[in-house]
Amino acid sequence: MWLRNLLFLSLVGGGGIALGVNLMPPREIQPLTTYDTELYRSDDFRATVDRVNTSFQNEWQTANVRPADPASDLLVARRLAFGLMGTVPSLEEIRQFESLPPEERIPWWIDHILADRRYDDYFAERLARSFVGTEDGPFIFFRRRRMVSWLSDELAKNRPYDDLVRELIAGEGLWTDKPATNFVSVTAQPDKGNAPDPVRLAGRVTRAFLGLRLDCAQCHNHPFAAWKQSDFEGFSAFFGQTHVGFTGIYDGTGEYEPEDRKTQAKKLVLPKVPFNAELLPEHGSRRQQLAQWVTHPKNPYFARATVNRVWALLVGRPLVDPVDNLETDGPMPPALQILADDFTAHGFDLRRLIRVIANTRVYGLDSAADHDTSEAEEKAWAIFPLSRLRPEQVAGGVAQAASVTTLNAETHILRRLVHQGAQNEFVTRYGDTGEDEFDGRGGTIPQRLLMMNGKLVRERIEAGPFTATQRINWLAPNDARAVEIAYLAALSRRPTPEEAAHFEAALTDKEIKRVQRIEDLFWALLNSTEFSWNH
């Protein structure tokens, strides 16, 4: 009998110890990933960053505006987390970040993010929206989730962006086995034998990969640009020999024969590109020829369009607005061409492009200034632009803020599944922004009510063994430390003296349990205007 009792006590004791170890935050501060600061100090890297900085300084002098002061390291880290992972830095990561020398913090944080699966998944979804939109598409011929997973895997390998785009445009095979072909199969037309739609494909290619709205010339000559209707028809004709069969997407025979809108008669249209025809290769299928032409290093629009979109994803606003139309009336920002040249010269390396943008002076500017600012400062990038968080960023930020440990690929599968389900429900109710992610739309009353009374926030801040609320209640040695940790978790900064005094006084209310008071503190921070904006 005594052996059974001893075994029972051992199991209970072991379980208690295991639970305690799991609940205790890690004491050792060790960088999770390796990083190479030499890369950021190399002459080549610094030369590009300096050229970008100089271009903006010239613009500030011309516009006679004064730039804002540099933002704090933690604020820059928060921007990078939202822009590349759709969430805030965890408390665990903030401790690691602050353990490093100041000059090494941002390089480590960038490399830490780029090595994290959260970056691959989040950035893949952002790119997929420009490639195929957010619609489910034809059920039999389109697997959006499969395509996003493939994109995520390619980003994890840091596959050159031009190579990835060529496979999207010219890939062959089944959409389940060759996920890139979903770019084509999403346009399958059930009323035309499931043939891919050349018009939709031409519009997608020009907008997503060239930053041109050539499809505006679909019905008539473009009203403001040099594009003619024949240019768009010729571009569409590159998909005239693309078919869907038992083996998936393939290229065969046929021609593009659209109907004349007036006579309803079909007319033969041969493929042609609207500019730089000398870059079009002579060999390969028509889609392969088009893919080579689109991604050719001498095609000026490909690199510019990519830089403009990546800049927008990081900063919240494109250098040229709208993001899919580089043909604007105003002059091209010099920084766009400098970054595009560097992107091309370095093999269309997305990670290098992200590193360069994140190290520019503009990216490190504060979003507030101690002097008067106006639209002139915002237009000249003399102050970091404010942008409202997208629904995925809000949901991701709430979930991470409510956990002292990092929610990443190492998190238990059950917790990740619960988080994913809650995030999907939240995004649906909050309102998905769809493809147009940079339209600057304002918040709505239902969105505010969802944050104040919704299940996601309520469940995340309730006291529980895995929530930051309970852990802070158990482990924070005093109220001052509890307030500081809550601010770092939710807003990635420490409270001001006035904020600290206010909330420390609120935590001394003995009529309410301490854990309830900490829940109220978290609720207030997550519902603050500051939390809902990237700044």
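Residues numbered from 1 in each chain as written. Predicted model: local features only at pLDDT ≥ 70, side-chain atom pairs only at ≥ 80, totals over all residues. Heavy atoms only, no water.

### Quick look at the overall build of the protein chain
Counting its secondary structure elements, the protein chain contains 25 helices and six strands. A compact globule built from 535 residues would reach a C-alpha radius of gyration of about 24 Å, and the protein chain, at 26 Å, matches this within 12%. Expressed as a percentage of the 535 residues in the protein chain, the buried residues total 52%. Of all intrachain contacts in the protein chain linking residues separated by at least 6 positions in sequence, the fraction that spans at least 24 positions is 70%. (Helix = DSSP H or I, 4+ residues; strand = E, 2+ residues; numbered from the N terminus. Rg over C-alpha atoms; globule rule 2.2 N^0.38 Å. Buried < 20%, exposed > 50% of the residue type's maximum accessible area, 1.4 Å probe, protein only. Contact = heavy atoms within 4.5 Å.)

### A word on unusual backbone geometry
With omega at 0 degrees, the peptide bond leading from Asp-321 into Pro-322 counts as cis. Examined against the element boundaries, Pro-322 turns out to sit in the loop between helix H14 (300-315) and helix H15 (334-345). Despite not being glycine, Asn-194 has its phi angle at roughly 65 degrees, a positive value. Here Asn-194 is to be found in the loop between strand S1 (188-189) and strand S2 (195-196). The exposure class assigned to Asn-194 is partly exposed, which follows from its relative accessible area of 23%. For Phe-348, which is not glycine, the phi dihedral falls at a positive 55 degrees. Topologically, Phe-348 is positioned in the loop between H15 and helix H16 (350-358). Taking relative accessible area as the criterion, Phe-348 reaches 4% and is therefore assigned buried.

### Brief notes about the domain arrangement of the protein chain
Here the domain parsing of the protein chain yields domain 1 (37-70 + 306-384), domain 2 (118-295) and domain 3 (386-534). Placing the centre of domain 1 and that of domain 2 at their C-alpha centroids yields a distance of 30 Å. Contacts between the two partners involve 16 residues from domain 1 and, on the opposite side, 20 residues from domain 2. Of the roughly 1,600 Å² buried where domain 1 meets domain 2, counting both sides, 59% is carbon and sulfur surface. In this structure, the connection of domain 1 to domain 2 is made through two salt bridges. Between Asp-324 and Arg-207 there is a salt bridge, with its nearest N and O atoms 3.1 Å apart. The tally of links between domain 1 and domain 2 comes to seven residue pairs in polar contact (both at pLDDT 80 or more). Breaking the side of domain 1 that touches domain 2 down by element, the ones donating at least two residues are H14 and H16. Per element, the largest residue contribution to the side of domain 1 that touches domain 2 is four residues, and it comes from H14. Across the side of domain 1 that touches domain 2, the residue classes tally to eight nonpolar, three polar and five charged. (Domains from an automatic or database assignment. Buried area = accessible area lost by both parts, 1.4 Å probe. Salt bridge = Lys/Arg side-chain N within 4 Å of Asp/Glu carboxyl O. Polar contact = N/O pair within 3.5 Å; in protein donor to acceptor, adjacent residues only side chain to side chain. Nonpolar A, V, L, I, M, F, W, Y, C, P; charged D, E, K, R; others polar.)

### A short note on the nonpolar core
One recurring pattern in soluble globular proteins: nonpolar side chains tend to sit buried together. Of all hydrophobic cores here, the largest spans 146 residues; its most connected members are Leu-80, Phe-131, Phe-183 and Phe-209. It is H14 that contributes the most residues to this core, 11 residues altogether. Phe-183 has contacts with Phe-131, Val-132, Met-147, Leu-168, Ile-169, Leu-201, Arg-204, Val-205 and Phe-209, leaving out every residue within four places of it along the chain. (Core = buried A, V, L, I, M, F, W, Y, C linked by side-chain atoms within 4.5 Å.)

### Quick look at helix H5 (residues 91-99)
Within the sequence span of H5, burial applies to Leu-91, Glu-92, Glu-93, Ile-94, Gln-96 and Phe-97. Where H5 is buried, its residues contact helix H4 (73-85), helix H6 (102-114), helix H7 (117-132) and helix H23 (479-491).

### What to know about the pairing of strand S4 (residues 248-251)
As judged from the four bridges shared by strand S3 (residues 242-245) and S4, these two strands associate in the antiparallel manner. Each bridged residue has a counterpart across the sheet, and for His-243 the counterpart in S4 is Tyr-250. Counting the residues in the hairpin turn of S3 and S4 gives two residues. (Pairing = 2+ DSSP bridges.)

### Topic: the pattern of salt bridges
In this structure the tally under the stated criterion is 34 salt bridges. Notably, a salt bridge pairs Asp-121 with Arg-117, separated by 3.6 Å at the nearest N-O pair. Pair noted here: Asp-121 and Arg-117 are both in helix H7, with a separation of four residues, about one helical turn. Overall, Asp-121 belongs to the partly exposed group, its relative accessible area being 40%. Note that Arg-494 is salt-bridged to Glu-484, the shortest N-O span being 3.6 Å. Linking Arg-494 in the loop between H23 and helix H24 (497-507) with Glu-484 in helix H23, this pair joins segments that are 10 residues apart in sequence. Residues participating in the shared-partner salt-bridge network are Glu-154, Lys-157, Arg-159, Asp-162, Asp-163, Arg-166 and Glu-167.

### Section: the environment of Thr-411
As for its position among the elements, Thr-411 is in the loop between helix H18 (391-401) and helix H19 (413-430). With sequence-adjacent residues up to four places away left out, Thr-411 is seen in contact with Thr-406 and Arg-416. Polar contacts involving the side chain of Thr-411 include one to the main-chain carbonyl oxygen of Thr-406, which spans 3.2 Å.

### A short note on helix H8 (residues 144-156)
Here H8 contains 13 residues, and its C-alpha end-to-end distance of 18 Å stays within 8% of the 18 Å for a straight helix at 1.5 Å per residue. Looking only at H8, the buried set comprises Arg-144, Met-147, Val-148, Trp-150, Leu-151, Ser-152, Glu-154 and Leu-155. Next to the buried residues of H8 lie H7, helix H9 (161-170), helix H10 (182-185) and H16. Positive backbone phi, at 50 degrees, marks Asn-158, one or two positions downstream of H8. (Expected span 1.5 Å × (residues − 1).)

### A closer look at the side chain of His-371
Relative to the helices and strands, His-371 is located in the loop between H16 and helix H17 (375-379). Not counting chain neighbours up to four residues away, the residues in contact with His-371 comprise Arg-66, Pro-67 and Ala-68.

### A word on the packing of H23 against helix H25 (residues 514-526)
Contact pair H23 / H25: the axes reach a minimum separation of 10 Å and the direction vectors enclose 35 degrees. The element H23 and its partner H25 pack so that their crossing is right-handed. Side by side, H23 and H25 meet where Asp-479, Ala-482, Val-483, Ala-486, Tyr-487, Ala-489, Ala-490 and Leu-491 of the first sit next to Arg-514, Leu-521, Phe-522, Leu-525 and Leu-526 of the second. The class makeup of the residues in the contact of H23 with H25 is 11 nonpolar, no polar and two charged. (Axes fitted to C-alpha atoms, helices over the stretch in contact; angles between N-to-C directions. Left-handed = near helix turned anticlockwise from the far one by under 90°.)

### What to know about the packing of helix H11 (residues 198-210) against helix H12 (residues 229-236)
For the pair H11 and H12, the least separation of the axes is 8 Å and the interaxial angle reads 100 degrees. Compared by their axis directions, H11 and H12 come out roughly perpendicular. Here H11 contributes Pro-198, Val-199, Ala-202, Gly-203, Val-205, Thr-206 and Leu-210 to the contact with H12, which in turn contributes Phe-232, Phe-235 and Ser-236. Residue composition of the contact of H11 with H12, by class: seven nonpolar, three polar and no charged. (Parallel < 35°, antiparallel > 145°, perpendicular 65-115°, else oblique.)

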